[in-house]
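# Structural features, examined
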Amino acid sequence: MKKIYLIILIISMNCQVFSQINIIPKPTSIVEKKGYFIVGKKITINVIADDKSIIDIVNPLLNKFSEKCKDGFFKSNFNSLSKSDNIVFQLDNNLLNLGDEGYKLSITTKKIHVLAYKKAGLFYALQSLRQLIPLETKEIKIPCVEIIDIPKFQWRGLLLDCGRHFMDKAFVKRYIDLLSYYKMNRLHWHLTEDQGWRIEIKKYPKLTEIGAWRTEADGSRYGGFYTQDDIREVVAYAATKFVTVVPEIEMPGHSVAAIASYPSLSCTGKELNVETQWGVFKDIYCAGNDSTFVFIKNVLTEVMALFPSKYIHIGGDEAPKFRWERCDKCQQRIKANGLKGEHELQSWFIGQIDDFLAQHGRKLIGWDEILEGGLSKGATVQSWRGMEGAVAAARSGHDAIVSPTSHAYFDYDIANINMEKVYNFNPLPQELSIEESIHILGGECNLWSEHASQEKVDERVFPRILAMSEVLWTYPQKRDYESFRARVQQHYPVLNAMGVTYGFERDPLMIKTKADYQKREISAILEKTQQGTDIYFSTNGKKADRTSTLYTNPIIAKDSLKLNITILAKGSETGIYYEREFKLHKATGKIPQLKNPYSKSYPAQGENSLTDGIMGTNAFRDGNWQGFEGDDMVVVIDMGAATSFSHISCGFLQSTPSWIFFPPQAEYFVSKNGIDFVSVGVVKSPESPKNVELSVNRYKIDLPERNQYQYIKIVAKNMGICPDWHPGAGGKAWIFADEITVE
Ligand code: ACM
Ligand code: ZN
């Protein structure tokens, strides 16, 4: 008996360890067979299809093999199967059940046979085949396998924001290659932004003469655009890789670059510069002005001539209504059309464009804000502020694409969205019925480029996009992350060969602190989460690099500790940098009670973040700043026993382009019983909210140490909404706080 068990165990271990099928996205069905198809001296590739252009799909394979099979190979003349063929690519009209993109791939020791219903299926079979061919071996040995593969979702995309940072044409084409290798089929090309208009429009030359360029704070000029020839080239190239390029032309918001080019497009008609700050801006297209629609329709006419995509994305997100509320023409439009306010005006705006696109046989996509004020009849919704937009769209019979900030925002740090999180993403909202779910066309990962110029795009997109590709193509019912991760490891050499400078799979560093208040000792424990990396740190305030101290043991300090850390993959100088400041104080480790909850988008370290001893840096997404949206921050700390202290402080961050303001005031209270609080001081904002520079300030009060108190309360006022002069006027303002210190 024992022997039998042992044999079974060994066999199953063998299967796990030695599987040579590392295809990503994982095919729907894989049956591994014994043996290899070995590319010998003579290969006969037969393409069985009426369509001769299939040769273009197969050609890269021939080129790859021709390096090895010196005696050449033969292409068939599109005849039927013959016995001597050893590689066959075949279209079969009967294989309707494979759909437009599915395929069957059978590899035996004698023959490779690919079957598909449509050309795209042959193309995807070829991508699987490419992934089965070993990277560098003397002999091309392809493992025998039977694969049937049909994608779950028809829409599998990546958004590239070429507005904030321009990405050159070659780079965009390279991304098309990379997408198609992982069976992604939509490039969502974000072409217009506040900070740059990137597409040549012949009728409006100033869009690229003026709108494509911005003057940075240091006086330098930044910009670029794609000519119509460039666009045609990219679109045609993408078609050969079965990637549809979906252009996004933003309206009515995110249009400062267009307004800078043609000021009459806005409500005020005032001259503006192309934006240099990141954020959301109140100057948007005037919805009351007929000439705005003449402009937009002319632009879209040229866009439709360049992009054969059925879908045209018109943005629709983050359009503050501040100008419309104060514009006579916009108000007149509301009245004339019997609309209830500015949200319905936005719906009316989108409806005009929806009708226009429909008249030209196209379909409109907009971000989920287009639901507010009523969804236009032909619209498809791209849900980004969670999945709610997709649910609402599907329930009202509209199609939806999902790319929520929680899982699909690849501009977010790896600490916020790691590869495992992406892998566990479910594009189908659970609350939808099966019929409603049919409206979920698929998903996208979004690469917004405020903080990712072209050189940084790879490290944000890879390897996370491998997870998204598998979620969207395979939609594995059981998500076995470890087995997926094992396959990802096999892709790194391939990505290296393709020149992809991929980033980490997860936050490569875990920082833990231990505080011993009696000994006044603080220790920092740094743990690597990825093999093949080294941690370096400095305590002198200097940015860490390979010449800094190599971390081996916990770092122990008295009272406070300032650390600059970098984690570097071996052999690489591009790492992730961390700055952490730890401070031991009397409230360290106490649990703060919050009257208004912190925002789920900026939770920092969660419920005791405000007293965890970790100070924020001047990066508001560093994971140490807790955000409060629209509400005051009201905190009570129970010190556990009557305690004497002479200082209380709380750190706040201001970054007004991101709608984060210093509290206009913070008031501090103390109490012996937790019921009766007395005010012990008020601190006012040290900085004008008009200062656009990011700054951090500790609001500190001193009090005589004579009395002892058990409770401390802080009430930090929120501005509530962004003021009239602010680009986000009327939108909810934020407070960001890092740590309340008690000493
Ligand atoms: C978005 O991220 N504003 C769609
Ligand atoms: Zn207006």
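Residues numbered from 1 in each chain as written. Chains lettered and ligands numbered in written order. Predicted model: local features only at pLDDT ≥ 70, side-chain atom pairs only at ≥ 80, totals over all residues. Heavy atoms only, no water.

What follows deals with the overall build of the protein chain. Helix and strand counts for the protein chain come out as 18 helices and 36 strands. Over its C-alpha trace the protein chain gives a radius of gyration of 29 Å, about what one expects of a compact globule, namely 27 Å for 743 residues. The dimensions of the protein chain, computed from C-alpha atoms along their principal axes, are 100 × 80 × 50 Å. Within the protein chain, the fraction of its 743 residues that count as buried is 55%. (Helix = DSSP H or I, 4+ residues; strand = E, 2+ residues; numbered from the N terminus. Rg over C-alpha atoms; globule rule 2.2 N^0.38 Å. Buried < 20%, exposed > 50% of the residue type's maximum accessible area, 1.4 Å probe, protein only.)

Take the coordination of the zinc ion (ligand 2) next. Coordination sphere of the zinc ion (ligand 2), protein contribution only: C267 (SG), C286 (SG), C327 (SG) and C330 (SG), at 2.3 Å. Metal-centred angles of 106 to 114 degrees between the four donor atoms at the zinc ion (ligand 2) mark the site as tetrahedral. Going along the chain, you hit the donors of the zinc ion (ligand 2) in the pattern C-x18-C-x40-C-x2-C. Of this pair, C267 sits in the loop between α7 (256-261) and α8 (290-306) while C286 is found in the loop between α7 and α8, placing the two residues 19 residues apart along the sequence. (Donors = N, O, S within 2.8 Å, 3.2 Å for Na, K, Ca; no water. Tetrahedral: all angles 85-135°; square planar, octahedral: opposite > 155°, others 65-115°.)

Per-residue confidence for the protein chain gives a mean pLDDT of 92, with 96% of residues at or over 70. Counted against residues more than four places away or in other chains, residues 1-17, with its pLDDT under 50, gives two contacts. (pLDDT = per-residue confidence, 0-100. Contact = heavy atoms within 4.5 Å.)

Turning our eyes to something else, we now look at the sheet that holds strand β24 (residues 555-558). Read across the open sheet, the three strands follow the order β20-β21-β24; overall the sheet is antiparallel. The open sheet is flanked by β20 (509-516) and β24, the only strands paired with a single partner. When the angles between neighbouring strand axes are averaged without regard to direction, this sheet yields 20 degrees. Of the strand pairs in this sheet, strand β21 (residues 521-528) and β24 are connected by four bridges, and their pairing is antiparallel. Within β24, the residue paired with I522 across the bridge is A557. (Pairing = 2+ DSSP bridges. Axes fitted to C-alpha atoms, helices over the stretch in contact; angles between N-to-C directions.)

This part is about helix α2 (residues 54-66). The terminal C-alpha atoms of α2, which comprises 13 residues, lie 18 Å apart, in line with the 18 Å expected from a rise of 1.5 Å per residue. Where α2 bends most, at P60, the angle is about 30 degrees. Within the span of α2, buried status applies to I54, I55, I57, V58, L61, L62 and F65. (Expected span 1.5 Å × (residues − 1). Bend = angle between axes of the 7 residues up to and from the residue.)

What follows deals with the packing of aromatic side chains. On inspection of all chains with the given rule, the structure shows 36 aromatic pairs. Ring centres of F166 and Y226 lie 4.7 Å apart, and the angle between their planes is 40 degrees; on these two criteria the pair is classed as tilted. Residue F166 is found in the loop between β8 (155-161) and α4 (169-181), and its partner Y226 is found in the loop between β13 (221-223) and α6 (228-240); the two are separated by 60 residues along the sequence. Comparing F166 with Y226, the two get one shared label, buried. One aromatic cluster in this structure is built from F171, Y175, Y181, Y182 and F462. Sitting over the ring of Y36, K141 keeps its end group 4.3 Å from the ring centre. One Lys or Arg, K713, reaches over the ring of F669 and ends 5.4 Å from the middle of that ring. (Phe/Tyr/Trp six-rings, centres within 6.5 Å; stacked < 30°, edge-to-face > 60°. Lys NZ or Arg CZ within 6 Å of the ring centre and 35° of its normal.)

Once that is clear, we can look at the environment of V457. Inspection of the secondary structure puts V457 in helix α16 (residues 454-461). Take V457: its relative accessible area is 0%, and that puts it in the buried class. Along the primary structure V457 and A497 are separated by 40 residues, whereas in three dimensions their C-alpha atoms are 17 Å apart. Other than its neighbours up to four places away in sequence, V457 contacts L160, M167, F171, Y175, L447 and A452.

Structurally, K183 can be placed in the loop between α4 and β9 (186-190). For the buried residue K183, which engages in no salt bridge, the nearest side chain bearing the opposite charge is D149, 4.4 Å off. Apart from the residues lying within four places of it in its own chain, the contact partners of K183 are I23, P25, Y103, Y124, Q127, S128, D149, R156 and W473. (Lys, Arg positive; Asp, Glu negative; His and termini not counted. Salt bridge = Lys/Arg side-chain N within 4 Å of Asp/Glu carboxyl O.)

By the definition in use, this model includes 33 salt bridges. Note that R326 is salt-bridged to E325, the shortest N-O span being 3.1 Å. Judged by its relative accessible area of 46%, R326 falls in the partly exposed class. Where E527 meets K512, a salt bridge forms, and the shortest distance between an N and an O atom there is 3.2 Å. With E527 in strand β21 and K512 in strand β20, the pair connects residues that are 15 residues apart, well separated along the chain. Accessibility expressed as a relative area gives 31% for E527, which makes it partly exposed. Note on K512: relative accessible area 40%, which makes it partly exposed. Several salt bridges converge on common partners, so that one network encompasses D161, R164, E193 and E450.

Moving on, we come to α4. The end-to-end C-alpha distance of α4 is 19 Å, a good match for the 18 Å that 13 residues give at a rise of 1.5 Å each. Turning to α4, its buried residues number three or more, namely F171, V172, K173, Y175, I176, L178, L179, S180 and Y181. Of the residues trailing α4, K183 is marked for its positive phi of about 60 degrees.

The geometry of α2 relative to helix α3 (residues 119-132) is characterised by a closest axis approach of 10 Å and an angle of 0 degrees between their N-to-C directions. As judged from the angle between their axes, α2 and α3 are roughly parallel. Here I54, I57 and L61 of α2 lie close against α3, whose contacting residues are K119, L122, F123, L126 and L129. When its residues are assigned to classes, the contact of α2 with α3 shows seven nonpolar, no polar and one charged. (Parallel < 35°, antiparallel > 145°, perpendicular 65-115°, else oblique. Nonpolar A, V, L, I, M, F, W, Y, C, P; charged D, E, K, R; others polar.)

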